[in-house]
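# Remarks on the overall topology
The primary structure of each chain is shown beneath.
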Amino acid sequence: MTAFKTAKFKIQGGKPLDGEVKISGAKNAALPILLSTILTSDTVVLKNVPDLADVKTSFKLLQDLGKHCTYDAQSGEAVISGAVTSFVASYELVKTMRASIMALGPLVAFCGQAEVSLPGGCAIGARPVDLHIKGLQAMGAQIKLDDGYIKATAIGSGRLQGGHIVMDKVSVTGTENLMMAACLGNGTTIIDNAALEPEIVDLAHCLNKMGAKIKGEGTPRLEIEGVEKLHGCEHSVVADRIEAGTYLIAGIATHGVVTCLNTLPSSLESVLQKLRQANALITVDGTSITADMRNRQIKPVDVVTAPHPGFPTDMQAQMTVLNTLSDGVSSVTETIFENRFMHIAELIRMGAHIEIRGNTVICEGVPQLKGAQVMSSDLRASASLVIAGLAAEGTTIVDRIYHMDRGYEHIETKVGSLGGIIERIY
Ligand code: UD1
C-alpha cells in the first residue's frame, strides 16, 4: 500500500456498486491487541490483522520498544515476540497515531514505568487523556507530565495495584488502556462505566487467551484479577464493523446491491436499523450482510451518536451522505466529539443542502450530488467524501487520502471489485 501525503482519489461517480466485498479485521481492535503484546515476552500470533497505515505505525512503535515483529500483509498474520527493552513511546510515532496512548498502561504494568508522548491523531476536537491518567493513578501509578510526555511509575513494589475505577465518561481506549494495565496488577481491579464496544470484547478475549483473568467484557463493569505474568497465544482479530457499515452505505448511496462478507452482524445492530429506516433492503445471512437499494428511494433518517450499542460516531459522516440524497429533511447529532463536522463544508461543495446548528446538522435531501474537488480532514470524513464521490454525477477528487489509508484496507481494490471507478493519483 502506498500512502504518500500528496495522494488523492479520483472518482468517476454515478455507477451503482454491485457485488461482494470481504471485510477486514477491525483497526480499532488490532491496535490495542498489538499493543497488548507488550504485556508478555512470549510469542503472540495474530490473524486477520488489516494492512493499514496505523497498523504499520503500531509495528514501528513495538519495534522501537524492542519487540520483534513480522507481518505478512497477504495473509494478515502478525507474529510478535520478545520482551520490551525500552519504556519510552516517542513523540515521532505517537503524533501520527493517537491510539499509541494505549502503550501507556501495558508499559507501566510490564516495566514498572512508562514515558509516552501526549497523542496526536485525527483532528476531531480536543480529545483529552485525563481518564487514562486518573485510572492509572487509582492503580497506584505516580504520573507526571513533563516535556509533552506522560511519565508513569508504579510506586512501591514496581507493580500496579488493584483499584476501583469509576470512569467519569465512557471512553473506548481509556477502558482498553486500564484493562490491559490491570492484567498484571497486584490484586483485583474493578472498572465501572466501562465502554462496551465489540473491539473491547475482542481485546479481553485475546488477553484471556494470554492468561489474563478478565470478567464482564461487553458490560459496564469489568473485573480484572491481576496475574503474575501473561503468556503467548494465537488470536484472530474481530471484523471491522465500521468498514462494513461504510461499504453498505456506499452501496445504498449509489442505488446498488452490496454484500459484505466476514462480518459480525451483531456488532452493527444500530447501524443496520438506521439503514432499514433509510429504506434499504437489509438481509443478514450468517456472517454476511447485504444492502439492496436497487429501484428504491433513500428516506431521511434522524441519528444521534452514542457509545456502543448506540449509533457509532465513526459512522456519522457516512450516514450524513445518505441523508443528503434522501427525499426529505433529517438531523444528525454528534454527542461524542466536538469538531466532527469537517466533511460538511466539502459535501456542500458537492451540492448538498446542509446546515450546522451547534452539534447537529440539518439536511435537506437533493436528488443528485455533483462531483467536485474536496479535502479530507479525518478518517471517517474521508470515507464520507469517497461515498459522496461514488454517488455523485461526474468526477470527484478527494485530497489528503492519507487519512483514509489509516483505517481502510485496499480501498481501490475493494471499491473496484464492486464496480466503482476509483484511482489513486499523485
Ligand atoms: C475510540 C476509537 C474511535 C472512536 C471513538 C468513539 C480507537 C482506536 N478509536 O477513540 O475510532 O471514534 O472511540 O467511539 O478505538 N474523553 C475524555 N477523557 C479521556 C478520554 C476520552 O474526556 O481521557 C472523551 C473524548 O474527548 C470523547 C469521549 O470521551 O468526547 C469518548 O472518547 P473515547 O471513547 O476515549 O475515544 P477514543 O478511545 O479516543
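What counts, and where the lines are drawn
Residues numbered from 1 in each chain as written. Predicted model: local features only at pLDDT ≥ 70, side-chain atom pairs only at ≥ 80, totals over all residues. Heavy atoms only, no water. UniProt positions renumbered as here; feature names shortened; annotations may be inferred. Helix = DSSP H or I, 4+ residues; strand = E, 2+ residues; numbered from the N terminus. Rg over C-alpha atoms; globule rule 2.2 N^0.38 Å. Buried < 20%, exposed > 50% of the residue type's maximum accessible area, 1.4 Å probe, protein only. Contact = heavy atoms within 4.5 Å. Areas by Shrake-Rupley, 256 points an atom, 1.4 Å probe, with all protein chains shown as cover. Lys, Arg positive; Asp, Glu negative; His and termini not counted. Charge placed at Lys NZ, Arg CZ, Asp CG, Glu CD. Core = buried A, V, L, I, M, F, W, Y, C linked by side-chain atoms within 4.5 Å. Salt bridge = Lys/Arg side-chain N within 4 Å of Asp/Glu carboxyl O. Phe/Tyr/Trp six-rings, centres within 6.5 Å; stacked < 30°, edge-to-face > 60°. Near = heavy atom within 4 Å. Polar contact = N/O pair within 3.5 Å; in protein donor to acceptor, adjacent residues only side chain to side chain. Nonpolar A, V, L, I, M, F, W, Y, C, P; charged D, E, K, R; others polar. Pairing = 2+ DSSP bridges. Axes fitted to C-alpha atoms, helices over the stretch in contact; angles between N-to-C directions.

You'll find the protein entered in an unreviewed UniProt entry as UDP-N-acetylglucosamine 1-carboxyvinyltransferase, with Succinivibrio faecicola given as the organism. Under the heading Pathway (unreviewed entry), UniProt records this for the protein: "Cell wall biogenesis; peptidoglycan biosynthesis."

### Regarding the overall build of the protein
Summing up its helical and strand segments, the protein has 14 helices and 24 strands in all. The C-alpha atoms of the protein give a radius of gyration of 21 Å, which matches the 22 Å a tight globule of 426 residues would have. Taking the principal axes of its C-alpha atoms as reference, the protein extends roughly 65 × 45 × 40 Å. Looking at the protein residue by residue over its 426 residues, the buried ones come to 58%. The long-range share in the protein, meaning contacts at least 24 apart out of those at least 6 apart in sequence, stands at 73%. Of the roughly 15700 Å² of accessible surface on the protein, a fraction of 51% belongs to carbon and sulfur atoms. Averaging the positions of the 38 positive and the 44 negative side-chain charges in the protein gives two centres separated by 2 Å.

### What about the nonpolar core?
Within soluble globular proteins, side chains that are nonpolar generally end up buried alongside one another. The biggest cluster of nonpolar side chains holds 74 residues, and the ones touching the most others in it are Leu-136, Met-179 and Leu-207. Sort the elements by how many residues they give to this core and helix α1 (residues 27-36) lands first, with six residues. In contact with Leu-136, not counting residues within four places along its chain, are Leu-104, Gly-105, Val-108, Ala-141, Ile-143, Leu-160, Leu-178 and Ala-181. Leu-275, Ala-280, Ile-344 and Leu-347 belong to the second-largest nonpolar core, a separate cluster that totals 66 residues.

### Quick word on the pattern of salt bridges
On inspection of all chains with the given rule, the structure shows 21 salt bridges. Here Asp-168 and Lys-134 are joined by a salt bridge, their closest N and O atoms 3.0 Å apart. Placement of Asp-168 in the loop between β10 (164-166) and α6 (172-182) and of Lys-134 in helix α5 (residues 130-138) is noted, with a sequence separation of 34 residues between them. Given the relative accessible area of 42%, Lys-134 is considered partly exposed. Arg-241 is the partner of Glu-199 in a salt bridge, and the nearest nitrogen-oxygen pair spans 2.8 Å. A residue pair is termed long-range when its members are at least 10 positions apart, and Glu-199 in helix α7 (residues 198-209) and Arg-241 in helix α8 (residues 241-253) qualify at 42 residues. The exposure class of Glu-199 is buried, given its relative accessible area of 4%. Within the structure, one salt-bridge network assembled from shared partners comprises Lys-27, Asp-54 and Arg-406.

### Section: the packing of aromatic side chains
Enumeration over the complete set of coordinates arrives at one aromatic pair. When the centroid spacing of 5.1 Å and the interplanar angle of 40 degrees are considered together, the rings of Phe-59 and Tyr-71 count as tilted. Placement of the pair is Phe-59 in helix α2 (residues 53-64) and Tyr-71 in strand β4 (residues 68-72), with a sequence separation of 12 residues. On the basis of relative accessibility, which here comes to 7%, the residue Phe-59 falls in the buried class. Accessibility expressed as a relative area gives 22% for Tyr-71, which makes it partly exposed.

### Here we look at the site of the ligand
As a structural note, the neighbourhood of the ligand is formed by 18 residues, with Asp-130, Ser-171, Thr-173, Asp-314 and Ile-336 the closest of them. The separation between an oxygen atom of the ligand and a polar main-chain atom of Val-172 is 2.7 Å. Contact with the protein chains hides 89% of the accessible area of the ligand, taken as 740 Å² for the molecule alone. Mapped onto the shell around the ligand, the elements with two or more residues apiece are α5 and α6. No other element matches the three residues that α5 contributes to the shell around the ligand. Grouping the constituent residues of the shell around the ligand by class yields seven nonpolar, five polar and six charged.

### Digging into the pairing of strand β13 (residues 221-225)
The alternating pattern of β13 places Leu-222 and Ile-224 on a buried face and Arg-221, Glu-223 and Glu-225 on a face that is not buried. Pairing analysis gives three bridges linking strand β12 (residues 213-215) to β13, with the strands arranged antiparallel. Its bridge partner lying in β13, Lys-213 is registered against Glu-225. Connecting β12 to the next strand, β13, in antiparallel fashion are five residues, including Gly-216 with a positive phi near 90 degrees.

### With respect to the sheet that holds strand β22 (residues 373-375)
The strands making up a sheet associate through backbone hydrogen bonding, with each pair oriented either parallel or antiparallel. The strand order β22-β23-β1-β24 describes an open sheet built from four strands, whose pairing is mixed. Of all strands in the sheet, those bounded by a partner on one side alone are β22 and β24 (421-425). Averaged over neighbouring strand pairs, the angle between their axes works out to 20 degrees when direction is ignored. In terms of strand pairing, β22 meets strand β23 (residues 395-399) through three bridges, oriented parallel. Bridged to Gln-373 within β23 is Ile-397.

### Re the environment of Val-94
Structurally, Val-94 is set in helix α3 (residues 91-94). Residue classification places Val-94 among the buried residues on the basis of a relative accessible area of 0%. Distance from Val-94 to Phe-337, taken between C-alpha atoms, is 20 Å for residues 243 residues apart in sequence.

### Digging into the sheet that holds β12
Reading across the sheet, the four strands line up as β10-β11-β13-β12 and stay open at both edges, with mixed pairing between neighbours. Looking at the sheet topology across the chains shown, the edges are occupied by β10 and β12. Each strand axis lies, on average, 15 degrees off the axis of its neighbour in the sheet, ignoring direction. In this structure, β10 lies alongside strand β11 (residues 188-192), joined through three bridges in parallel fashion. Paired with Ile-165 across the two strands is Ile-191, which belongs to β11.

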